[in-house]
Amino acid sequence: MADLDAVEARIWALLEPYRDELEDATIYGMPSLRWPGSGAHDYFAAVKRSTTKVSLYAIAVDTWPEALEGSSEELRKRRTGKATFSFPSLDDDLAAELESFLGRLYQPYRAHHAGRSST
């Protein structure tokens, strides 16, 4: 069984670069990161741990699904809902995939909130 403490810590480490612009918030009791002043449901990412996995909620993928383009089948298989990605484990390759995906997703999310159109 995977070390879920390590999985959760790694996901938060991948989200760390976005803390410069985003603020800490909560959604349904889950810690999240959102654009300052945005509504509760307009978060960039939220993280929730269960007994068997750590889930990353990336609601923005519903608005900008093109962020998944170029993602591996392995990352796509972790998508367990419209905006939920579940990680019972997170190896180096999958973490690199997730990091790239978050970068692609953040571009239109940031552009939208900064008042620019995404390209």
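Residues numbered from 1 in each chain as written. Predicted model: local features only at pLDDT ≥ 70, side-chain atom pairs only at ≥ 80, totals over all residues. Heavy atoms only, no water.

### With respect to the environment of Leu 105
Then step 1. Along the chain, the position of Leu 105 falls in helix H4 (residues 92–113).
Then step 2. The exposure class of Leu 105 is buried, given its relative accessible area of 0%.
Then step 3. In this structure the C-alpha to C-alpha distance between Leu 105 and Pro 65, which are 40 residues apart in sequence, comes to 8.4 Å.
Then step 4. If we ignore the near neighbours within four places in the chain, the residues touching Leu 105 are Phe 44, Ala 58, Ala 60, Val 61, Trp 64 and Ala 67. (Helix = DSSP H or I, 4+ residues; strand = E, 2+ residues; numbered from the N terminus. Buried < 20%, exposed > 50% of the residue type's maximum accessible area, 1.4 Å probe, protein only. Contact = heavy atoms within 4.5 Å.)

### Digging into unusual backbone geometry
Then step 1. Even without being glycine, Tyr 28 reaches a positive phi, approximately 50°.
Then step 2. As for its placement among the helices and strands, Tyr 28 is situated in the loop between strand E1 (23–27) and strand E2 (30–34).

### Some thoughts on the sheet that holds strand E5 (residues 84–87)
Two modes of strand pairing occur in sheets, parallel and antiparallel, and in both the strands are linked by backbone hydrogen bonds.
Then step 1. Overall, antiparallel pairing links the five strands, which are arranged E1-E2-E3-E4-E5 in an open sheet. Edge positions in the sheet fall to E1 and E5, since each has one partner strand and no second. In this sheet, adjacent strand axes meet at a mean angle of 25° when their direction is disregarded.
Then step 2. The pairing of strand E4 (residues 54–57) with E5 spans four bridges and is antiparallel. Looking at the pairing, Tyr 57 lines up with Thr 84 of E5.
Then step 3. Strands in contact with helix H1 (residues 4–15) are E2, strand E3 (43–49), E4 and E5; relative to E3, the strand with the most contacts, it is inclined by about 170°. (Pairing = 2+ DSSP bridges. Axes fitted to C-alpha atoms, helices over the stretch in contact; angles between N-to-C directions.)

### So, the nonpolar core
Then step 1. Counting 34 residues, the largest nonpolar core has Ile 11, Leu 15, Phe 44, Leu 56, Phe 87 and Phe 101 as the members making the most contacts within it.
Then step 2. Only H1, E3, E4, helix H2 (60–63), E5 and H4 provide two or more residues apiece to this core.
Then step 3. Ranked by residue count, the leading element in this core is H4, at eight residues.
Then step 4. In contact with Phe 101, not counting residues within four places along its chain, are Ala 58, Val 61, Ala 67, Leu 68, Ser 71, Leu 75 and Phe 85. (Core = buried A, V, L, I, M, F, W, Y, C linked by side-chain atoms within 4.5 Å.)

### Description of the confidence of the model for the chain
Then step 1. The share of residues in the chain with pLDDT of 70 or more is 95%, and the mean pLDDT across the chain is 92.
Then step 2. Across the chain, the element-wise mean pLDDT spans from 93 in H2 up to 98 in E4. (pLDDT = per-residue confidence, 0-100.)

### Quick notes on H1
The α-helix winds at 3.6 residues per turn, so residues separated by three or four positions along the chain end up facing the same way.
Then step 1. With twelve residues, H1 should reach 16 Å at 1.5 Å per residue; the first-to-last C-alpha distance of 17 Å fits that figure.
Then step 2. All of the buried residues along H1 are Leu 4, Val 7, Ile 11, Trp 12, Leu 14 and Leu 15. One side of H1 holds all its buried residues, which, seen down the axis, span an arc of 160°.
Then step 3. Close packing links the buried residues of H1 with E2, E3, E4, E5 and H4.
Then step 4. Backbone nitrogen of Asp 5 and a side-chain oxygen of the N-cap are separated by 3.0 Å at the start of H1; the cap is Asp 3. (Expected span 1.5 Å × (residues − 1). Arc of directions from axis to C-beta. Polar contact = N/O pair within 3.5 Å; in protein donor to acceptor, adjacent residues only side chain to side chain.)

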